[in-house]
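Chain and residue survey
For reference, the chains in residue letters:
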Amino acid sequence: MTHFDPSPLAPRRLGAVNWLGLWTLTAKEIRRFLKVYFQTIIAPVVTTLLFLAVFALAIGRASVNVAGVPFAEFLAPGLIMMAMAQNAFANTSSSLIISKVQGNIVDVLMPPLSALEQTLAFAAGGVARGLVVGVAVTAVMALFVPMTMYAPLLVVYHAVMASLMLSLLGMVGGIWADKFDHMAAVTNFIVTPLSFLSGTFYTVERLPDGFRQIAFANPFFYMIDGFRYGFIGHADGSLWVGATVVAVTDLALAWVAYRMFKTGYKLKA
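The rules behind each value
Residues numbered from 1 in each chain as written. Predicted model: local features only at pLDDT ≥ 70, side-chain atom pairs only at ≥ 80, totals over all residues. Heavy atoms only, no water. Helix = DSSP H or I, 4+ residues; strand = E, 2+ residues; numbered from the N terminus. Buried < 20%, exposed > 50% of the residue type's maximum accessible area, 1.4 Å probe, protein only. Contact = heavy atoms within 4.5 Å. Areas by Shrake-Rupley, 256 points an atom, 1.4 Å probe, with all protein chains shown as cover. Lys, Arg positive; Asp, Glu negative; His and termini not counted. Charge placed at Lys NZ, Arg CZ, Asp CG, Glu CD. Core = buried A, V, L, I, M, F, W, Y, C linked by side-chain atoms within 4.5 Å. Expected span 1.5 Å × (residues − 1). Axes fitted to C-alpha atoms, helices over the stretch in contact; angles between N-to-C directions. Parallel < 35°, antiparallel > 145°, perpendicular 65-115°, else oblique. Left-handed = near helix turned anticlockwise from the far one by under 90°. Nonpolar A, V, L, I, M, F, W, Y, C, P; charged D, E, K, R; others polar. Salt bridge = Lys/Arg side-chain N within 4 Å of Asp/Glu carboxyl O. Patch = residues over 30% accessible without salt bridge, like charges linked within 9 Å, V, L, I, M, F, W, Y side chains within 5 Å. Polar contact = N/O pair within 3.5 Å; in protein donor to acceptor, adjacent residues only side chain to side chain.

1. Remarks on the overall build of the protein
What the protein contains, in helices and strands, is 10 helices and 2 strands. If you list the helices and strands of the protein from N to C, you get α-α-β-β-α-α-α-α-α-α-α-α. Here the protein, with 269 residues, has 45% of them falling under the buried criterion. Within the protein, contacts between residues at least 6 apart in sequence are counted, and of these 83% link residues at least 24 apart. With the model as given, the accessible surface of the protein reaches about 14000 Å², and the carbon-plus-sulfur share is 69%. Looking at charge distribution, the protein has the averaged site of its 17 positive side-chain charges lying 7 Å from that of its 12 negative ones.

2. Focus: the nonpolar core
Ranked by size, the top nonpolar core spans 64 residues in total, and within it M141, L166, M171, M223, F227 and F261 carry the most contacts. Secondary structure elements with two or more residues in this core: α1 (19-35), α2 (37-59), α3 (71-102), α5 (115-141), α6 (152-176), α7 (180-196), α9 (219-232) and α10 (239-263). Per element, the largest residue contribution to this core is 15 residues, and it comes from α3. Non-local contacts of M223, meaning those with residues more than four positions away in its chain, are made with M81, A85, H158, A162, M165, L166 and V246.

3. Digging into α6
Compared with the 36 Å implied by 1.5 Å per residue over 25 residues, the 36 Å span of α6 between its first and last C-alpha is a close match. In terms of burial, α6 is largely enclosed, as 18 of its 25 residues are buried.

4. Remarks on the packing of α3 against α5
The N-to-C vectors of α3 and α5 enclose an angle of 150°; their axes lie 8 Å apart at closest approach. Our classification of the angle between α3 and α5 gives roughly antiparallel. Considering the relative orientation of α3 and α5, their crossing is right-handed. Packed against α3, whose contacting residues are A76, L79, I80, A83, M84, N87, A88, A90, N91, T92, S95 and L96, the element α5 presents F122, G125, G126, R129, G130, V133, G134, V137, T138 and M141 at the interface. Among the residues forming the contact of α3 with α5, the class breakdown is 12 nonpolar, 9 polar and 1 charged.

5. Structural notes on the packing of α6 against α7
Their axes nearest at 9 Å, the elements α6 and α7 cross at an angle of 140°. Classified by the interaxial angle, the pair formed by α6 and α7 is oblique. Once α6 is placed against α7, the crossing between them reads as right-handed. Across from L166, L169, G173, G174 and W176 in α6, the residues of α7 making contact are H182, M183, V186 and V191. Classifying every residue of the contact of α6 with α7 by side-chain character gives 6 nonpolar, 3 polar and no charged.

6. Describing α1
In this model α1 runs 24 Å from its N-terminal to its C-terminal C-alpha over 17 residues, within 8% of the 24 Å that 1.5 Å per residue would give. Looking at α1, one finds that the buried residues are G21, L22, L25, T26, A27, E29 and F33.

7. Quick look at the pattern of salt bridges
Summed over the entire model, instances satisfying the criterion amount to 4 salt bridges. Put simply, R32 and E29 hold a salt bridge, and the shortest N to O gap is 3.9 Å. You can see R32 and its partner E29 sitting in helix α1, 3 residues apart, about one turn around the helix. On the basis of relative accessible area, R32 is assigned to the partly exposed category, the value being 28%. The exposure class of E29 is buried, given its relative accessible area of 0%. Here D209 and R212 are joined by a salt bridge, their closest N and O atoms 2.6 Å apart. With D209 and R212 both in helix α8 (residues 209-216) and 3 residues apart, this pair spans about one turn of that helix. Its relative accessible area of 54% is what places D209 among the exposed residues. Each of K28, E29 and R32 takes part in salt bridges that share partners, so that together they form one network.

8. Description of the environment of D181
As for its placement among the helices and strands, D181 is situated in helix α7. In sequence terms D181 and F261 are 80 residues apart; their C-alpha atoms lie 22 Å from each other.

9. Overview of a nonpolar patch on the surface
A cluster of nonpolar side chains, Y37, F38, I42, V46 and L50, forms an exposed patch at the surface whose accessible area comes to about 510 Å². One can find Y37 in helix α2.

10. So, the side chain of K100
Within the secondary structure, K100 is located in helix α3. Among buried charged residues, K100 stands out as having no salt bridge; its nearest opposite-charge side chain is D178, 4.3 Å away. Of the polar contacts made by the side chain of K100, one reaches the backbone oxygen of A177; its length is 2.6 Å. In contact with K100, not counting residues within four places along its chain, are I105, G174, I175, W176, A177, D178, K266 and L267.

In structure tokens, the structure reads:
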């Protein structure tokens with residue numbers, strides 16, 4: 001016979017950080033996009049290559065040089081960054097809005113996870129998708145465009161920080177939105193315009209002074225400018241200013257997302 005211990009089970013002590021819960025939620029977010037990899041990884045690679053083909057065929061045949069390099073080499077880092085940013089945003093925004101619409105957001109709110117742990121887990125999932133897409137796009141694009149790294153540390157820094165920025169922005173948008181139409185508005189009127197007007201397809205040095213100042217006020221410009229410098233060794237703006245703007249923007253968005261989870265804004269109502 002087995003010995004039965006009638007003493008009650010002691011409550012689990014999680015400590016200052018619930019590492020198991022943090023990792024579990026992070027793994028859930030990563031597995032969510034890996035399960036549909038054709039849509040979340042392969043599709044962005046194909047879309048980015050189409051952008052490259054269209055612009056390279058339309059402009060590249062004229063042997064145009066931008067910032068001292070062939071146009072295709074100038075364009076490639078911007079396209080990679082745009083793919084990473086859009087997919088990091090899509091990962092967190094879709095996860096939260098779908099959970100809210102389907103009513104299973106309670107599955108995230110009930111476990112013993114603090115607001116900070118929830119923020120970190122969702123953000124990490126978005127960053128993971130952004131980086132995976134970035135690596136995949138770079139690997140495939142290298143078959144068509146020479147890809148050399150002038151400053152690898154800057155490439156890594158801006159890849160991580162830009163993915164984090166859009167991941168956090170997706171969290172804020174996903175929590176704020178009540179339905180898919182609201183989320184589409186954030187994508188169409190904030191993310192897409194800031195992406196396309198950030199110097200992805202052109203150098204801001206060619207813009208008139210007024211429009212150049214507007215570009216310098218766009219945080220998306222700095223994440224693309226620093227990332228591109230890491231590949232071709234040319235930047236339109238200050239690298240130190242850019243790195244600082246990206247970091248400060250990430251901190252501000254992280255605080256907003258944290259407060260949304262902390263107060264239960266549009267999550268616990």
